[in-house]
Amino acid sequence: MHSIGSIVGRQMGLEVTQAIACSRWGAPADKNLFQDGDVIIGGLFNVYYIPSAVEQVLTKMPHYQPCTGLDLEPLKYIYAMAFGVEEINRNNTLLPGVKLGYRILDSCSRYPWALQGALSLVGGDTHNCNLPTSMPHSAAYEQAGEAAGGQPVPLLIGAASSTTGIMMSRILGPLSISYLASCPCLSDRTKFPNFFRTIPSDIYQARAMARMAIRFHWTWMGAVIENNDYGHLAIQVFQEQIEGKGVCLEFIETVHRQTIVSDARRAALTIQASTARVILIFCWYTDAKAVFLELAKMNVTDRQFLASEAWSTSDDLLQDLTISKVVSGVLGVAIRSSTIPGFENYLRSLHPSHRPDDEFLRELWQKEFGCSPGSKRSQAGSLQKASPPPCSGTESLEGVQHPFTDTSQLRVAYNVYLAVYAAAHALHSLLSCPNSDSPPGNKNSTCSSPKHIKPIELLQHLNKVNITTPQGEKFYFQGADISATYDLVNWQNTPEGSLKLVLIGRVDGFDLHLNESAIQWSTGSNQVPVSVCSESCPPGTRKANRKGEPLCCFDCIPCAEGEISNKTGSLHCDRCPSEFWSNVEQTACIPRQLDFLSFNETLGITLTAAAVSGVTVTTAVFVVFLYYRKTPVVRANNSELSFLLLLSLKLCFLCSLVFIGRPSVWSCRFQQAAFGISFVLCVSCLLVKTLVVLAVFRSARPGAESLLKWFGPGQQRGSVCLFTCIQVIICAAWLSLSPPVPRRDLGFQGSKVTLKCAMASVVGFSLVLGYIGLLACTCLLLAFLARKLPDNFNEAKLITFSMLIFCAVWVAFVPAYVSSPGKYVVAVEIFAILASSYGLLLCIFAPKCFIILLRPEKNSKKHLMAR
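Residues numbered from 1 in each chain as written. Predicted model: local features only at pLDDT ≥ 70, side-chain atom pairs only at ≥ 80, totals over all residues. Heavy atoms only, no water.

A. Seen up close, a positive patch on the surface. A grouping of Arg629, Lys630, Arg635 and Lys861 is seen on the molecular surface, where their side chains present a positively charged patch. Along the chain, the position of Arg635 falls in helix H20 (residues 632-635). For Arg635, a relative accessible area of 56% translates into the label exposed. (Patch = residues over 30% accessible without salt bridge, like charges linked within 9 Å, V, L, I, M, F, W, Y side chains within 5 Å. Areas by Shrake-Rupley, 256 points an atom, 1.4 Å probe, with all protein chains shown as cover. Salt bridge = Lys/Arg side-chain N within 4 Å of Asp/Glu carboxyl O. Lys, Arg positive; Asp, Glu negative; His and termini not counted. Charge placed at Lys NZ, Arg CZ, Asp CG, Glu CD. Helix = DSSP H or I, 4+ residues; strand = E, 2+ residues; numbered from the N terminus. Buried < 20%, exposed > 50% of the residue type's maximum accessible area, 1.4 Å probe, protein only.)

As structure tokens, then:
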């Protein structure tokens, strides 16, 4: 964005400006409109323009070409000023005794010529080119008037653009009221203390456009702006308003009046190639039309345009059938419309015969009626090859339907009208005498004289203007500005093929009032156009910005499990509470399903089948041993311990079933007690068996005969009971002090919450496992020592292998138990119980059953005792 100083500096320095301006100073063909009076106010308007045919070669010419195109809309502004002055002069209460006059000049939309006109007006003469450029504003102003010897205007109605207003205020500093300069920078009273305007600052219309973009979810837009202060500062405000609101500009193209042909084509090509479907245009209506003509050639008719007030109400565009398909559905911000009573009749009554010195009206007659009123010809006419025929005198604007006489919706013309009334009331306040009945202009009064009005004094009264217009509108300045009021308009199709302007809302300050149902979009329907770089992310996903691209361009990433997004365009996913989980669509949190190892699922059925099979096999072995209880193999090493061992193994298999099913308070307590006691009983039997084997072989040594008396049947039963009772005491203490309780395990992230028996006391569970481990390790050690004792059937070998499997299973159990998630913790424990139980059953009893059932010849005392 260029700074104001740099833009103005590039436009001209004062010396260059004066040289260019004075190169055509005092040319007799310069058109103006003048009415004498006691106080003269100046007017500066862009009535003429350089036709496009000349503009094409403009940049190749060393000097500006003459203006020959008459613009009817600004011509209406001139007569609005003239009408206001004449209406005030007829008013007996406003400026009584003082006749208000005007001097109106054309600047042809050229900055040097605008400055020339301003110099001419503040200097009071059109032939003075000796204004020092180094003087302060006030000194230069006063010297200009004195050097001219005429009456300088104390106030200007102008300028017609922001850049012109900035240059005039910085270089000349005249007191001015603009009707079209809307740059926000001009609100700065420290830089532009002499500037006023009757059009709102562009801040308000840019904010209104930004709010419409946000309201209609247009996140991907393009912009075409005038390459001056008006365009640059308006788009700057627009960008400030959309920052952080999810709206991005894909491109910003600039156009300039002097190079409009090439600029318009470049802008049209950019629009054609763009993916943005909504285009914002901040430029003058003639420049906007050049862009639309290029788009019409390219048949680009699917864009929705947002119009600034500079072209949103242009009849020239509305009535042009060439571009009607391109601009259909335009949505625009427009200067608020109003009416001026009597103005239409005033325009229709205009006639060159009544105003012989009005060169603007003479050229209007030539343009509209094709004839030359009177014999006087303008210099512009002398450039033509042939003069138009004389008028008959019957030509009139009465009864003619013409845009020039259409006063149904006055916008800029009404701004001019307000500026005239503001100036008149300020003059009235200045020229009025406090505490005196003397009217303004009385020669005997001590008040300010109409012939000696100082702009600095008029400035003070202009700041205090607070009036009610003839239309009943309250009007006052807030600094340089007035209260912001706009119309919102829509260009809609008519049966004739042209477009009509439809009022669809308004802007009051920062408030936007819009009737969406009344809008006809560029698509021809009531469906709001879509203009996005990326479609909004649906619920269940979040935005992920693309690297190196604007924020409006993104990908939609599905939410992770356990996270949701329940609205469109979410920036992030929200994690569900601990007892909830995301649904399949990732759009809502639902209660997590209660999960536990049940008898109905495959894993539960498999483990149950394995446990029941273990019980069945153990029972079968028990029956075999019971049937062959008197055989040597069964009787060897205390058959009573063998039956007790089979009973404990059956309990081990059965206790695994307690772990399956929904955990409850009693099942949690019983399963750990049953597990701990059953295994201690089993391991105690094996330990006692091992001790008996060692005692038998040790007693065979000389002097050790008495050793067996400590390992008789009674002592064996007592030892098993003692070892088991210790575990019973540990379990009783644990379950009474801090028993396991059913609890929901929320730690495992998933759609299910595990219901398990939580260990309230890790110490208790550790003591149970530790005691089992102590007995098992002792048994393994003793069995290992007795494995090589001389005997054909040494049971210590079988115990050694069984305890190796037992210890291996439970050593592997610990890490598996700790790392398993959810209900698989229970499955791991059941698996360890079953694996160790099967290991003991097979290693201890399989060889014996093999001999009993398949090798009965070896089931003899002689064979068993053989070395």
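Further notes follow.
B. Structural detail: a nonpolar patch on the surface. A cluster of nonpolar side chains, Leu647, Leu651 and Leu654, forms an exposed patch at the surface whose accessible area comes to about 230 Å². On the secondary structure map, Leu651 appears in helix H21 (residues 639-658). Owing to a relative accessible area of 35%, Leu651 belongs among the partly exposed residues under this scheme.

C. Up close: the sheet that holds strand E7 (residues 176-178). On the basis of which strands lie adjacent, the open sheet formed by 6 strands has the order E1-E5-E2-E6-E7-E8 and mixed pairing. Either end of the sheet is taken by a strand with one partner, and the two such strands are strand E1 (32-35) and strand E8 (195-197). Of the pairings in the sheet, the one linking E7 to E8 comprises 3 bridges and is parallel in character. Across the sheet, residue Ser178 finds its bridge partner in E8, namely Arg197. Contacts between helix H4 (residues 72-89) and the sheet are confined to E1, strand E2 (39-45), strand E5 (100-106) and strand E6 (156-157), with E5 contributing the most and set at about 175° to the helix. (Pairing = 2+ DSSP bridges. Contact = heavy atoms within 4.5 Å. Axes fitted to C-alpha atoms, helices over the stretch in contact; angles between N-to-C directions.)

D. Structural context of the state of the cysteines. This structure, assessed with the given rule, holds 8 disulfides. Disulfide pairing is shown between Cys371 and Cys391; the S-S distance is 1.9 Å. Here Cys371 and Cys391 share a disulfide; its torsion about the S-S bond, 90°, makes the bridge right-handed. Of the two residues, Cys371 sits in the loop between helix H15 (359-369) and helix H16 (379-382) while Cys391 sits in the loop between H16 and helix H17 (412-431), which places them 20 residues apart along the sequence. We classify Cys371 as buried; its relative accessible area is 3%. Between the sulfur atoms of Cys576 and its disulfide partner Cys589 the distance amounts to 2.0 Å. Here Cys576 and Cys589 share a disulfide; its torsion about the S-S bond, -90°, makes the bridge left-handed. Of this pair, Cys576 sits in the loop between strand E22 (574-575) and strand E23 (580-582) while Cys589 sits in strand E24 (residues 589-591), and the two are 13 residues apart along the sequence. (Disulfide = S-S within 2.5 Å.)

E. Representation of the packing of helix H5 (residues 111-123) against helix H7 (residues 162-172) in the model. Running from N to C, H5 and H7 point in directions that differ by 45°, and their axes come no closer than 10 Å. Taken together, the axes of H5 and H7 are oblique relative to one another. Every pair of crossing elements has a handedness; the one defined by H5 and H7 is right-handed. Between H5 and H7, the residues in contact are Tyr111, Ala114, Leu115, Ala118 and Leu119 and Thr163, Thr164, Met167, Met168, Ile171 and Leu172, respectively. Of the residues in the contact of H5 with H7, the class split is 9 nonpolar, 2 polar and no charged. (Parallel < 35°, antiparallel > 145°, perpendicular 65-115°, else oblique. Left-handed = near helix turned anticlockwise from the far one by under 90°. Nonpolar A, V, L, I, M, F, W, Y, C, P; charged D, E, K, R; others polar.)

F. A look at the confidence of the model for the chain. Summarising the model, the chain shows a mean pLDDT of 83, and 85% of its residues fall at 70 or more. Overall, residues 126-150 carries pLDDT values under 50, and its contacts beyond four positions in sequence, including any with other chains, amount to 44 contacts. Residue range residues 375-385 is modelled with pLDDT below 50. Its contacts to residues more than four positions away, or to other chains, number 11 contacts. (pLDDT = per-residue confidence, 0-100.)

G. Expanded view of the packing of aromatic side chains. Scanning the entire structure with this criterion turns up 33 aromatic pairs. Ring geometry for Phe622 against Phe643: centres 5.1 Å apart, planes inclined by 70°, an arrangement best described as edge-to-face. Placement of Phe622 in helix H19 (residues 602-627) and of Phe643 in helix H21 is noted, with a sequence separation of 21 residues between them. Centroid distance Phe806 to Trp810: 6.4 Å. Interplanar angle 50°. Geometry classified as tilted. Of this pair, Phe806 and Trp810 both sit in helix H25 (residues 795-819), 4 residues apart, roughly one helical turn. (Phe/Tyr/Trp six-rings, centres within 6.5 Å; stacked < 30°, edge-to-face > 60°.)

H. Representation of the pattern of salt bridges within the structure. According to the stated counting rule, one finds 23 salt bridges in the structure shown. In this structure, Arg197 engages Asp481 in a salt bridge whose closest nitrogen and oxygen atoms are separated by 2.6 Å. Linking Arg197 in strand E8 with Asp481 in the loop between strand E15 (474-476) and strand E16 (485-493), this pair joins segments that are 284 residues apart in sequence. Here Asp481 falls in the buried class, since its relative accessible area comes to 12%. One salt bridge connects Asp302 with Arg303, and the closest N-O pair in it is separated by 2.5 Å. Judged by relative accessible area, Arg303 falls into the buried class, the value being 4%.

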